[in-house]
Amino acid sequence: MTKQGFDLVLRDAVLATAGDTCRADLGIVDGRIVQIGRGLAPGMCEIDVAGRVVTPGGIDAHCHLDQPMAPPVKLADDFFTGTRSAACGGTTTVIPFAAQRKGATVQAAIDDYHQRAGGRACVDYAFHLILTDPTPTVLAEELPRLIEAGYSSFKLYMTYDALKLSDAQILDVLDVARVHGGMAMIHAENSDCIAWLTRRLEASGRTAPRFHAVSRPMLVEREGAHRAIALSELIDVPILLVHISGGEAVAQIREARAKGLNVYAETCPQYLLLTAADLGTDDSYFGARCVCSPPPRDKSSQEQIWQGLADGLFTVFSSDHSPFNLTGEDGKMPGGQQVAFRHIPNGIPGIETRMPLLYSEGVLAGRISLNRFVELTATQPARAYGLYPRKGTLAIGSDADLVIWEEREFTLANEHLHHAVDYTPYAGMTLRAWPAMTLLRGQVVWDGKRFTGAPGQGKFLPRGLPSLAPPSARKGTRPDWR
Ligand code: DUC
Ligand code: ZN
Ligand code: ZN
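Computed from a predicted model, the values in this text were never measured in an experiment.

## Focus: the overall build of the protein
No. 1: Looking only at helices and strands, the protein features 12 helices and 18 strands.
No. 2: By the compact-globule yardstick of 23 Å for 482 residues, the protein fits well, its C-alpha radius of gyration being 22 Å.
No. 3: In terms of principal-axis extent, the alpha carbons of the protein reach across some 70 × 55 × 40 Å.
No. 4: Classification of the 482 residues of the protein by burial places 60% in the buried group.
No. 5: Restricting the contact set of the protein to residue pairs at least 6 apart, pairs at least 24 apart contribute 77%.
No. 6: Accessible surface computed for the protein: about 17,900 Å², of which carbon and sulfur atoms make up 51%.

## Focus: the side chain of His128
No. 1: Mapping His128 onto the fold places it in strand E10 (residues 128–130).
No. 2: Of the polar contacts made by the side chain of His128, one reaches the backbone oxygen of Ala61; its length is 2.7 Å.
No. 3: Non-local contacts of His128, meaning those with residues more than four positions away in its chain, are made with Ala61, Ile95, Pro96, Phe97, Ala98, Ser153, Met185, Tyr385 and Arg463.

## Some details on the domain arrangement of the protein
No. 1: What the domain assignment reports for the protein is domain 1 (6–55 + 392–446) and domain 2 (57–385).
No. 2: In this structure, domain 1 and domain 2 have C-alpha centres spaced 27 Å apart.
No. 3: With 39 residues of domain 1 in contact, the opposing surface of domain 2 contributes 51 residues.
No. 4: Interface area, domain 1 with domain 2, both sides summed: about 3,600 Å², of which 62% is carbon and sulfur.
No. 5: Where domain 1 meets domain 2, there are 1 salt bridge.

## Side note on the nonpolar core
No. 1: In terms of nonpolar packing, the biggest core is built from 110 residues, with Leu241 and Phe373 touching the most fellow members.
No. 2: Three or more residues apiece are contributed to this core by two domains, here domain 1 (6–55 + 392–446) and domain 2 (57–385).
No. 3: Aside from chain neighbours lying at most four places away, what touches Leu241 is Ile186, Ala188, Ala225, Ala228, Ile229, Ile253, Val263, Tyr264, Ala265 and Glu266.
No. 4: Counting residues in hydrophobic clusters, the runner-up holds 19 residues, among them Ile130, Tyr157, Met185 and Leu387.

## Quick notes on the UniProt feature "domain: Amidohydrolase-related" (unreviewed entry) in the protein
No. 1: Here, UniProt's "domain: Amidohydrolase-related" (unreviewed entry) annotation points to residues 53–445.
No. 2: Between the end C-alpha atoms of residues 53–445 the distance is 18 Å, and the span holds 36% helix and 16% strand.

## Here's the deal with the coordination of the zinc ion (ligand 2)
No. 1: For the zinc ion (ligand 2), every protein donor is listed as Lys155 (NZ), His187 (ND1) and His243 (NE2), and the spread of their distances is 2.1 to 2.2 Å.
No. 2: Of note, the donors binding the zinc ion (ligand 2) are all from one chain and are spaced K-x31-H-x55-H.

## What to know about the packing of helix H2 (residues 106–117) against helix H3 (residues 136–148)
Two quantities define a packed helix pair, namely the angle between the helix axes and the distance between the axes.
No. 1: Between H2 and H3, the least distance of the axes is 10 Å, while the angle of their chain directions is 30°. Relative to H3, the element H2 is oriented roughly parallel. Contacts between H2 and H3 pair Val106, Gln107 and Ile110 from the former with Val138, Glu142, Arg145 and Leu146 from the latter.
No. 2: For the contact of H2 with H3, the residue count by class is 4 nonpolar, 1 polar and 2 charged.

## Thoughts on the packing of aromatic side chains
No. 1: Applying the stated criterion to the full structure yields 14 aromatic pairs.
No. 2: Judged by centre distance (6.4 Å) and plane angle (70°), the ring pair of Phe79 and Phe127 falls under edge-to-face. In this pair, Phe79 is assigned in helix H1 (residues 79–88) and Phe127 in the loop between strand E9 (124–125) and E10, connecting sequence segments 48 residues apart. Judged on exposure class, the residue Phe79 and its partner Phe127 are both buried.
No. 3: Taken together, Phe79, Tyr113, Tyr125, Phe127, Tyr151 and Phe460 form an aromatic cluster joined through their ring pairs.
No. 4: The ring centre of Trp306 lies 4.6 Å from the NZ or CZ of Arg367, which sits over that ring.
No. 5: Lying over the aromatic face of Tyr388, Arg383 brings its terminal NZ or CZ to 3.9 Å of the ring centre.

## Details of the state of the cysteines
No. 1: Per the stated rule, a full pass over the model turns up 0 disulfides.
No. 2: Not part of a disulfide, Cys122 finds its nearest cysteine sulfur in Cys88, a span of 8.7 Å.
No. 3: With no disulfide partner, Cys193 has as its closest neighbouring cysteine sulfur the one in Cys292, 19 Å distant.

## Quick look at the site of ligand 1
No. 1: Taken together, His62, His64, Lys155, Tyr160, His187, His243, Ser293, Asp320, Ser322 and Asn346 form the complete shell of residues around ligand 1.
No. 2: Interatomic distance of 3.0 Å between a side-chain N/O atom of Asp320 and a nitrogen atom of ligand 1.
No. 3: Burial of ligand 1 by the protein amounts to 93% of the accessible area it has alone, namely 240 Å².
No. 4: For the shell around ligand 1, the per-class residue count stands at 1 nonpolar, 7 polar and 2 charged.

Definitions and cut-offs
- Residues numbered from 1 in each chain as written.
- Chains lettered and ligands numbered in written order.
- Predicted model: local features only at pLDDT ≥ 70, side-chain atom pairs only at ≥ 80, totals over all residues.
- Heavy atoms only, no water.
- Helix = DSSP H or I, 4+ residues; strand = E, 2+ residues; numbered from the N terminus.
- Rg over C-alpha atoms; globule rule 2.2 N^0.38 Å.
- Buried < 20%, exposed > 50% of the residue type's maximum accessible area, 1.4 Å probe, protein only.
- Contact = heavy atoms within 4.5 Å.
- Areas by Shrake-Rupley, 256 points an atom, 1.4 Å probe, with all protein chains shown as cover.
- Polar contact = N/O pair within 3.5 Å; in protein donor to acceptor, adjacent residues only side chain to side chain.
- Domains from an automatic or database assignment.
- Buried area = accessible area lost by both parts, 1.4 Å probe.
- Salt bridge = Lys/Arg side-chain N within 4 Å of Asp/Glu carboxyl O.
- Core = buried A, V, L, I, M, F, W, Y, C linked by side-chain atoms within 4.5 Å.
- UniProt positions renumbered as here; feature names shortened; annotations may be inferred.
- Donors = N, O, S within 2.8 Å, 3.2 Å for Na, K, Ca; no water.
- Axes fitted to C-alpha atoms, helices over the stretch in contact; angles between N-to-C directions.
- Parallel < 35°, antiparallel > 145°, perpendicular 65-115°, else oblique.
- Nonpolar A, V, L, I, M, F, W, Y, C, P; charged D, E, K, R; others polar.
- Phe/Tyr/Trp six-rings, centres within 6.5 Å; stacked < 30°, edge-to-face > 60°.
- Lys NZ or Arg CZ within 6 Å of the ring centre and 35° of its normal.
- Disulfide = S-S within 2.5 Å.
- Near = heavy atom within 4 Å.

Okay, here's the thing in structure tokens:
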């Protein structure tokens, strides 16, 4: 400590990390945790936590903020409204995506994204890359340089014409990841199957939102997951499969783990709490609000996803916050109410509800432990994306990013939320917990009633390499072809 005493002491907290729970005080100086123990000396400020649970601030490692979309569609949240919403729901670090445009450099996307975030973010932030054009220069020069500079994760799409990579391109990128480190995040769905099914459905006039799920059945995700796993096995490099929705993909991941492959996986609230029935009926358009990719599945898949959260199959729990308004030409229904599912932008909002939903339905419903909650929402995202131990835990020297939890029952309405989106798919649900307070580096940014942070308070975080423990002990094998 360079000065006398603490700036802030949290008194009498139940401190939960991924590994332990203990009752103690927590002392903060200059935005960092400097002491944990009982009976700490008085601080300049004090918060009496009175036995409430305190967890590390959440890391939402998959969200979309101010990401350029194909006109007229536009994301409703920019870095100010999106990170304000994050803070009010207990998230103190976000990692959205800087997407390379085909024909342009990756650096151009990063420069653009810094412009969008700088001076506006209310919580700390980093950027994943989206690689759409892995040219020889990107592979040999740009990507290695960017990994070294702190952009150590990159999403690869197997679907969407504007984004998708061929298997050969994915192999090229995975090969760079093997040499230089970095985490490849893969959107695993079979593009040709989706396109073929979409044409078939449209030819027979089946275009309502519910057919979005019919055009992307579970086997489409299962095949994509299987292929992505095979590609990573060929290169012998870890991958992280994002937004896993269905029991069939879960089975692929279990099989890969059983073989000792370093396959990590992410899931999201929509795959626990929504089903395909939320997309409506053959002639209802209300379901556009729940159109996301992969789509919500059935009760059996929900159970398998819960099981994977409980038993360690899933590494991270993210929102995949994709904030499209329901009303207006630039949101979920470009061209009007009767929009065909092909034109409905994919994704739903959830940056603020991610932590409270998992706390309520996971911890308080007895499905996962409090420590596993911390692991999924903060510690493992920090490890997977090179932010640990500065972020994601309660330890001496870590940033004092904290959530004080309050257990109370209420019915969620969109008016409670601080995003700029005109709906939440979870309206009407009973929640049993919400942050009583969120602190970013020792500063209160949500006081239980109001957002108390400010645009520009969030700092950019250059990241190190992933530091996840391998999920299974695999002997180092050198592929024959190397
Ligand atoms: N993938 C995402 O990660 N987010 C929204 C839509 C999608 O396909
Ligand atoms: Zn995706
Ligand atoms: Zn996403």
